[in-house]
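Take a look at the letters that make up each chain.
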Amino acid sequence: MSLIQSGFIYWFFVVLLMIGMYGAVGKDNLVKKLIGLSIFQTAIILFYVSIGFKNGPATIPILQGGHGEPIKDIAAASYFNPVPHVLMLTAIVVGVATVGVALAVIQRLYAEYGTLEENEILDKIANS
Amino acid sequence: MSDQLIILAIIYPLFVGVVTSLMPCRERLLAIWGMVHLALANLLSLGLLVQTLTEHQVTYHLSGWAPPLGIELRATVFSGLISWLISAVALVGFIGGRDTWKDQVGERLPHFLALFFLLVAAFQGLCLSNDAFNLYVMLEISSLATYGLIAFGGGRAYLATFHYIVMGTIGASFYLIGVGYLYIKTGTLNISDLAQILAGVPWTEAYILALGFLIIGLLLKMAVFPLHLWLPNAYTYAPDATSILVAPLSTKLAVFLMFRVMFDIFGGVIDDNIPSWSLFMVLLASFGILAGTSLSLAQRDLKKIFACLIVAEAGYMLGGLWLHDPRGNVGALFHLVNDAVATLVLFLVVVAVQESVGGRNLGHLSGLFRKSPLTAAALIVVAFNLIGVPPFAGFFSKATLITGAIASGRLEFVVALLLASLGNLVIFFRILERAYFPSEEPFEEKWTRSKRGDVLGALALCIGLFLIVLGLQSNTIMDLFIRPVVPL
Amino acid sequence: MKRLALVMSILLGLLLLKGTADFPQFGDPNSPASAGHPNSSEDSHVSVRYITEAYGETHVPNLVSAILADYRNFDTMFETTVVFTAGTAIFLILRLPLGVLARRRSKAEMPRTLPPLARDPILEMACRVLFPPIQLFGLYVLTHGHYSPGGGFQAGVILGASFILLAIGFDLRGTLSRLPESVYNPFTALGVAFYIGIGLLCLVLGGNFLDYEALRQVVPLSSQEIRSQGILLVECGVTVTVGSVIFAIYTNLVSRGLHREGL
């Protein structure tokens, strides 16, 4: 089956994505939603980094022998694709920033309503 | 110098924003500082617009590296127009929101304005960048700045912001998944390169799903029904100075991004390859228009009425983009410009009404005609525009959309558009009736009326009259700016 | 709601899996991402060109740093802006002026007397001993980011973490007396401003934005050396912003914006 042929490795990221999506949408507790969101973003980071992997004698994209001796004979097949790593550095930072802002909002929500369950907050809003 | 205009349009607001966070909290100083810099940003964008008209397309290689090695910026005539629109709306929004600073912002003004400028810079970047991943970063900066600006409102804004964070991040992440699927199949992130590759390959599942995820992510950002749940609360409970900037631009830029995905990346031939999607999208858009209008009818808070109208307007543009006929696409893009200006007027009116009559519920509006006739006139003008009365721009955009829909055979879209006009008529009739006739219920008069309401009303009226200009010149504008970028 | 979420997640998972059927083989060195697509315009693919040419053009063996801070430095500038935006947004949300707090009448924020501080000499000594090496390591990660995994963001986080260690080991108010808000808040902006400033300098000197070649008119180095130094400069800006923002986010979150007591 072609799904298994191309790499069941992609299934990991799909399962993580599903877990993250379920947490972000299905849970009532605000912090659990945030954790689900974080798992969701991490799954995407995993996916991108897996794009850059190369079989065979390939290692991380830092040229060997960088200290001192002049570097020669750089073969593209002996280093991972560096571009997904670069992109994911940005994505990680964006994820951290979003989690930070969401935590600040959650703190204010707790100070305002005294609870972190979304249904209870909605009840308090409806009754106020 | 002129070839640096495109980068300065993005960098200038960014730099000003970063420096603004270091400034002392003096209201007058910051007001003048902001206005001067936004005026200069306007000049830069205007220069860029003129440049795109003369050179037809402006590209810029960042860091000196040619794409796809480096990141590229690209401006077409339409992006030049949107870039100027962003600066102009920011300037007007800044002036309009200034009166609310004392009550709603207070001591945190430098940081608030820093986020304001960063948001403008991110919008410019969204408009001008030609790299798919760079667009994601711009999307996230605009989202983060918006979260901060909206949450600052306090009270119910906190829950609204949290919902916005969850839905907005899921949307941006779907966009990122789409870009990832495209990258793994093509190996490039540059939009022009992607277009070239996609033009020559058969669209297998990965490509179709990439398009699907890009679209769903952008639908979340555009707040199309049923993914609109975050928008009404977020825009209503935000501070007024925020919603004047965010409401006219944020969803419209997501529409522009969808246009770029559909036409710049996938070449505008989606209908030929996957015809069923167009069917579904136009149907969804029609439902969205009706849902947004009905949501609007059920509200009593003026700001929330206008926020729900944004959901309906997103439906117009989504449907227009997915129609087969190029007239539908042209109509959608013209409606983008028209709606940005109209939403600006609507939210200016909200601030003006609050200054004039002290509240923004329908019940507070009584006597608005007497107290601030200019604000009421602005309300009438924008009502005509939204209902679609000639010579306002709203009529021409609706007419183009309807022509395109009939030519494509999508009558449900025509019906939705006409029903929406009727719905808008009812909504604004209710508002204006309340404003005209003094109501019997007494409410506290201990609040004093401020003259600033008149000034804001006058400003809103001027922008509203600009809508007439937009309408009368609609054909010229469409020929100059829109038809060149839409494939026939 | 839970059932809807379950259905949505499963649907999403199935869609994603359907797309993966088409993907290139995992780890294939000739996949389009690693070796280029036959339809694309250039002769040698971007990724291959980065690996083979980046050292010759920038003298930076760490390819990720080279791409991050030279070829795609526009993205990195906006990434730094993301960090700055997050710090400012958290500041805006949490650091409400005390008057506003009183007006909003949230009981959790009412001022109350602080409990007496329990001091643990072993913990304090350990933090004191660890603080300088952590900072030194952070600076090392910054400067050695050319040759080993590292760079601006990582170094910034390590530097920020050193202050967070002080705040946890001692107390928040003591650490804030050493690094007050009036100091670290401007630094968040200064890092980004420095980064943009370098770009503008390149612009003023005649090149494109963030094109380090233009800096050769100011500093007479070879093309590769100026790129290497330009990368370092830009990473310094990133470190300053990220370090201050990490500490700022910590102090604001842990004290709920009051800066009175930490963990």
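All values reported here derive from a predicted model rather than from experimental measurement.

A. Structural detail: the overall build of chain C. Scanning chain C from terminus to terminus reveals eleven helices and zero strands. Relative to the globule expectation of 18 Å for 263 residues, the C-alpha radius of gyration of chain C, 24 Å, shows a markedly less compact shape. Projected onto its principal axes, the C-alpha coordinates of chain C cover approximately 70 × 60 × 40 Å. The proportion of buried residues among the 263 residues of chain C is 57%. The long-range share in chain C, meaning contacts at least 24 apart out of those at least 6 apart in sequence, stands at 66%. Split by element, the accessible area of chain C, about 11200 Å² in all, is 66% carbon and sulfur. The positive charge centre, built from 19 side chains, and the negative charge centre, built from 19, are 20 Å apart in chain C.

B. Spotlight on the layout of surface pockets. Estimates place the volume of the largest pocket at around 1400 Å³. Contributing to the lining of the largest pocket are 47 residues, with Met-167, Leu-220, Pro-226 and Leu-227 of chain B together with Met-8 of chain C lying nearest its centre. Taken together, the elements giving at least two residues each to the lining of the largest pocket come down to helix H2 (9-26) and helix H5 (118-127) of chain A, helix H7 (157-186), helix H9 (205-222), helix H10 (231-237), helix H13 (275-297) and helix H14 (302-322) of chain B together with helix H1 (2-20) of chain C. Per-element accounting of the lining of the largest pocket gives the leading share, eight residues, to H9 of chain B. Along the lines of polarity and charge, the residues of the lining of the largest pocket split into 36 nonpolar, five polar and six charged.

C. Geometry of the interface of chain A and chain C. Listed per partner, the contact involves 52 residues of chain A and 56 residues of chain C. For the pair chain A and chain C, the summed buried area comes to about 5200 Å², and 74% of that belongs to carbon and sulfur atoms. Where chain A touches chain C, the interface holds zero salt bridges. At the junction of chain A and chain C, the tally comes to eight residue pairs in polar contact (both at pLDDT 80 or more). Where the side of chain A that touches chain C is concerned, the elements lending two or more residues are helix H1 (2-7), H2, helix H3 (30-51) and helix H4 (82-113) of chain A. Sort the elements by how many residues they give to the side of chain A that touches chain C and H4 of chain A lands first, with 18 residues. Taken together, the residues of the side of chain A that touches chain C sort by class into 37 nonpolar, 13 polar and two charged.

D. Focus on the environment of Leu-113 of chain B. All names here are of chain B. Turning to its location among the elements, Leu-113 is positioned in helix H5 (residues 109-128). Residues Leu-113 and Ala-31, spaced 82 residues apart in sequence, show a C-alpha to C-alpha distance of 9.6 Å. Leaving out residues up to four positions away in the same chain, Leu-113 has contacts with Thr-20, Leu-30, Phe-94 and Trp-101.

E. View of the packing of aromatic side chains. All chains considered together, the criterion is met by 36 aromatic pairs over all chains. Judged by centre distance (5.1 Å) and plane angle (80°), the ring pair of Tyr-10 of chain A and Phe-23 of chain C falls under edge-to-face. On the criterion of chain membership, the pair formed by Tyr-10 of chain A in helix H2 and Phe-23 of chain C in the loop between H1 and helix H2 (32-35) is interchain, its members lying in two chains. With respect to burial, Tyr-10 of chain A and Phe-23 of chain C carry one shared label: buried. Seen from their ring centres, Tyr-184 of chain C and Phe-247 of chain C are 5.4 Å apart, and the 80° between their planes marks the pair as edge-to-face. In this pair, Tyr-184 of chain C sits in helix H10 (residues 181-204) while Phe-247 of chain C sits in helix H11 (residues 223-254), placing the two residues 63 residues apart along the sequence.

F. Region of the structure containing the interface of chain B and chain C. Each partner contributes to the interface: chain B provides 61 residues, whereas chain C provides 59 residues. Summed over both partners, the interface of chain B with chain C buries about 5400 Å², with 70% contributed by carbon and sulfur atoms. Linking chain B to chain C there are three salt bridges. At the surface where chain B touches chain C, the tally comes to 15 residue pairs in polar contact (both at pLDDT 80 or more). Listing elements by their share of the side of chain B that touches chain C, those giving two or more residues are helix H1 (5-20), strand S1 (57-61), H5, helix H6 (132-151), H7, helix H8 (191-200) and H9 of chain B. By residue class, the composition of the side of chain B that touches chain C is 39 nonpolar, 16 polar and six charged.

G. Representation of the pairing of strand S2 (residues 72-76) of chain B in the model. Residues and elements named next belong to chain B. Extensive coverage of S2 is indicated by the burial of five of its five residues. Burial along S2 is two-sided: Glu-72, Arg-74 and Thr-76 and Leu-73 and Ala-75, pointing in opposite directions, are all buried. Examined bridge by bridge, S1 and S2 share five bridges and lie antiparallel to one another. Along S2, the bridge assignment pairs His-61 with Glu-72.

H. Just H13 of chain B, in detail. All names here are of chain B. For H13, spanning 23 residues, the distance from its first C-alpha to its last is 34 Å, which sits close to the expected 33 Å at 1.5 Å a residue. Listed as buried for H13 are Ser-278, Met-281, Val-282, Leu-284, Ala-285, Ser-286, Gly-288, Ile-289, Gly-292, Thr-293 and Ser-296. If you follow the buried residues of H13, they end up packed against H9, helix H12 (270-273), H14 and helix H19 (411-436).

I. Layout of the confidence of the model for chain C. The predicted model of chain C averages 86 in pLDDT, with 91% of residues at 70 or higher. Of all secondary-structure elements in chain C, the lowest mean pLDDT belongs to helix H6 (residues 98-104) of chain C, at 58, while helix H5 (residues 73-94) of chain C reaches the highest, 94.

About the criteria used
- Residues numbered from 1 in each chain as written.
- Chains lettered and ligands numbered in written order.
- Predicted model: local features only at pLDDT ≥ 70, side-chain atom pairs only at ≥ 80, totals over all residues.
- Heavy atoms only, no water.
- Helix = DSSP H or I, 4+ residues; strand = E, 2+ residues; numbered from the N terminus.
- Rg over C-alpha atoms; globule rule 2.2 N^0.38 Å.
- Buried < 20%, exposed > 50% of the residue type's maximum accessible area, 1.4 Å probe, protein only.
- Contact = heavy atoms within 4.5 Å.
- Areas by Shrake-Rupley, 256 points an atom, 1.4 Å probe, with all protein chains shown as cover.
- Lys, Arg positive; Asp, Glu negative; His and termini not counted.
- Charge placed at Lys NZ, Arg CZ, Asp CG, Glu CD.
- 1 Å grid on protein atoms, 1.4 Å probe; cavity = no way out; pocket = protein on both sides within 12 Å on 5 of 7 lines; lining within 4 Å.
- Points joined across faces, edges and corners; volume = space filled by probe spheres on them.
- Nonpolar A, V, L, I, M, F, W, Y, C, P; charged D, E, K, R; others polar.
- Buried area = accessible area lost by both parts, 1.4 Å probe.
- Salt bridge = Lys/Arg side-chain N within 4 Å of Asp/Glu carboxyl O.
- Polar contact = N/O pair within 3.5 Å; in protein donor to acceptor, adjacent residues only side chain to side chain.
- Phe/Tyr/Trp six-rings, centres within 6.5 Å; stacked < 30°, edge-to-face > 60°.
- Pairing = 2+ DSSP bridges.
- Expected span 1.5 Å × (residues − 1).
- pLDDT = per-residue confidence, 0-100.

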